[in-house]
Amino acid sequence: MDYLQLHGKQSINGEIKISGAKNAALPLIAISILAKNNINISNLPNVADINTLLKLLSNLGATCNKGTNSVDIDTSKLNQTKATYDIVKTMRASILVLGPILTRFGHCEVSLPGGCAIGQRPVDLHLKALEQMGANIEIKSGYIEATAPNGLKGCEIIFDKITVTGTANILMAAALAHGETTIVNAAREPEVVQLCEVLSQSGVKVEGVGTAVLKISGSGGKLLNMVDFSVIPDRIEAGTYLCAGAILNQKLTITNTEPKHLGAVLSKFEEMGFTIETTDTTITILPAEKIKPVKIVTQEYPAFPTDMQAQFLALATQAEGVSIIEERLFENRFMHVSELQRMGADITLNGHTATISGKSNLSGADVMATDLRASSALVLAGLIADGETNVHRIYHLDRGYESLEKKLQNVGINIKRLKE
Ligand code: EPZ
């Protein structure tokens, strides 16, 4: 297995180019199941989760010709409707093929995605919504067996909780359904907005894009003439690298990004004393005279994203004072705390709230990654720690960060990928 070795307190200079968004690319790959034509997806992040989903599509009979940051997908010969355990267990976002396969073929079997390090991650809301659209859903031997022999019927779906992939699944199911589907309490993340935009450009009428109420007029089973498209920039990757500049309290510019997707995050940097300068496609963070403590509550978009919680928790160790971070979305998303404590951070956990007293002088250590964003928090801590930090089990990191060590090396960080 690989691990990352880094030495802290380097001076940085230059720019980091942001890749396409993993969490936009995944549903956009799944929606190719609804296409009658071949499609090309560009600005695709070259990360493990994307390769996993493309492998799943190939197993179902699709042809996927992948470049480094693009893919041509032909699903005309899709002839399987079972997403097997071996693939789904490695990436729970495989659940995103359920809606498209079911709405296209009238039946689908997907292995129930297990939980993951950050929480139980149920999919009950996805299944309840599909049942409301007329699907028959049974759980057998760990598989979701969904059938809708006469296709899915549009109806009003009210989500009890805001669910990002749940909204994506129902958007895709509704695209080929008979009649109109209204999704109330829909997720408003930029990744969901892009999915709506691609559907609209492919001839599906979608109203309320960007709002919590979406109306989709289904094609009644007719496949879509899909357009080629480029994946939006990854706002979480962008926020993570801005945290790298912030934790070193040095200037850093990120390019190929979308500042308007990061409103809540940028305002938290400013609350902590940093200056943020933006153009249409770049963000520059400038040093704070003194890094101030922060209060954060993670919530759905456009509020502060849970996927930036671990990174800001690492940053808060360098603030002069007491920061409070409350995690409201996932029940176990503080796995990075114990590793940060081993590096010398002063953090108290009380249920879903972390209290971080700074400023702590962190010392390099061997640390273990546990989930995607926790891994990036450990790398951030290693940037400011004295001495050498080795971050192990970075397969977690490789799921969602393209060429992380290269991007950091390019701005002057002493970081290497080594073999255990
Ligand atoms: C998406 O996960 C993202 N993943 C996650 O990013 C992100 O943390 C999460 O949204 C929240 O923003 C992808 O887009 C591939 P949810 P998702 O359904 O859709 C509960 C990363 O780091 N819930 O919005 O699985 C659930 O337990 C990953 O890139 C149900 O109870 O999250 C959670 O508490 C991690 N029943 C809340 O809703 C359901 O059927 C939000 O989950 C579905 C969800």
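Cut-offs used in this document
- Residues numbered from 1 in each chain as written.
- Predicted model: local features only at pLDDT ≥ 70, side-chain atom pairs only at ≥ 80, totals over all residues.
- Heavy atoms only, no water.
- Helix = DSSP H or I, 4+ residues; strand = E, 2+ residues; numbered from the N terminus.
- Rg over C-alpha atoms; globule rule 2.2 N^0.38 Å.
- Buried < 20%, exposed > 50% of the residue type's maximum accessible area, 1.4 Å probe, protein only.
- Contact = heavy atoms within 4.5 Å.
- Areas by Shrake-Rupley, 256 points an atom, 1.4 Å probe, with all protein chains shown as cover.
- Lys, Arg positive; Asp, Glu negative; His and termini not counted.
- Charge placed at Lys NZ, Arg CZ, Asp CG, Glu CD.
- Near = heavy atom within 4 Å.
- Polar contact = N/O pair within 3.5 Å; in protein donor to acceptor, adjacent residues only side chain to side chain.
- Pairing = 2+ DSSP bridges.
- Axes fitted to C-alpha atoms, helices over the stretch in contact; angles between N-to-C directions.
- Disulfide = S-S within 2.5 Å.
- Core = buried A, V, L, I, M, F, W, Y, C linked by side-chain atoms within 4.5 Å.
- Salt bridge = Lys/Arg side-chain N within 4 Å of Asp/Glu carboxyl O.

Regarding the overall build of the chain
So, step 1. Within the chain, the secondary structure is distributed over 14 helices and 24 strands.
So, step 2. By the compact-globule yardstick of 22 Å for 420 residues, the chain fits well, its C-alpha radius of gyration being 21 Å.
So, step 3. Over its C-alpha atoms, taken along the principal directions, the chain stretches across nearly 65 × 45 × 40 Å.
So, step 4. The burial tally for the chain puts 57% of its 420 residues in the buried class.
So, step 5. A sequence separation of at least 24 residues applies to 73% of the contacts in the chain between residues at least 6 apart.
So, step 6. With an accessible surface of roughly 15,700 Å², the chain has 47% of that area assigned to carbon and sulfur atoms.
So, step 7. Placing the 39 positive and 43 negative side-chain charges of the chain at their respective mean positions leaves the two points 2 Å apart.

As for the site of the ligand
So, step 1. Among the 23 residues in the neighbourhood of the ligand, the closest are listed as Leu125, Thr163, Thr165, Asp307 and Leu329.
So, step 2. With respect to the ligand, the side chain of Arg121 contributes an N or O atom lying 3.0 Å from an oxygen atom.
So, step 3. Burial of the ligand by the protein amounts to 91% of the accessible area it has alone, namely 830 Å².
So, step 4. For the shell around the ligand, the secondary structure elements donating two or more residues are α1 (22-30), α5 (124-132), α6 (164-175) and α12 (372-384).

Topic: the environment of Thr163
So, step 1. By secondary structure assignment, the location of Thr163 is in the loop between β10 (156-158) and α6.
So, step 2. With relative accessibility at 12%, the residue Thr163 sits in the buried group.
So, step 3. Taking the C-alpha atoms as reference points, Thr163 and Ala187, 24 residues apart in sequence, are found 5.9 Å from one another.
So, step 4. The residues touching Thr163, leaving out its near neighbours within four places in the chain, are Leu125, His126 and Ala187.
So, step 5. Here Gly166 takes part through its backbone nitrogen, which lies 2.9 Å from a polar atom of the side chain of Thr163.

Re the pairing of strand β3 (residues 39-42)
So, step 1. Here β3 shows one buried face, formed by Ile39 and Ile41, and one open face, formed by Asn40 and Ser42.
So, step 2. Sheet analysis places β3 next to strand β5 (residues 70-74), joined by 4 bridges and oriented antiparallel. Within the sheet, the bridge partner assigned to Ser42 lies in β5 and is Ser70.

Thoughts on the sheet that holds β10
Either a parallel or an antiparallel arrangement is found when strands of a sheet pair, and the pairing is made through backbone hydrogen bonds.
So, step 1. Taking strand neighbours across the sheet as the criterion, the 4 strands line up as β10-β11-β13-β12 in an open arrangement whose pairing is mixed. The sheet is open, and its two edges are formed by β10 and β12 (205-207), each paired on a single side. Averaged over all adjacent pairs, the angle separating strand axes in this sheet is 15°, with direction ignored.
So, step 2. The pairing of strand β11 (residues 180-184) with strand β13 (residues 213-217) spans 5 bridges and is classified as antiparallel.

Here we look at the state of the cysteines
So, step 1. Here the structure, examined in full by the defined rule, presents 0 disulfides.
So, step 2. Cys64 supplies the cysteine sulfur nearest to Cys108, a cysteine that is in no disulfide, at a spacing of 16 Å.
So, step 3. The exposure class of Cys108 is buried, given its relative accessible area of 2%.

A closer look at the nonpolar core
So, step 1. By size, the foremost hydrophobic cluster in this structure holds 79 residues, and its most contacted members are Leu130 and Met133.
So, step 2. Counting residues per element, this core draws most heavily on α6, which supplies 7 residues.
So, step 3. Not counting chain neighbours up to four residues away, the residues in contact with Leu130 comprise Leu98, Leu102, Ala135, Ile137, Leu152, Ile170 and Ala173.

Some details on the pattern of salt bridges
So, step 1. The tally for this structure, following the rule as stated, stands at 19 salt bridges.
So, step 2. Residue Arg342 pairs with Glu339 through a salt bridge whose shortest N-O separation is 3.2 Å. Taken together, the residues Arg342 and Glu339, both in helix α11 (residues 335-342) and 3 residues apart, mark about one turn of the helix.
So, step 3. For Arg342, a relative accessible area of 47% gives the class partly exposed.
So, step 4. Ionic contacts of the salt-bridge type, sharing partners, join the residues Asp2, Asp398, Glu405, Arg417 and Lys419 into one network.

As far as function goes, none of this settles anything; it's purely spatial.
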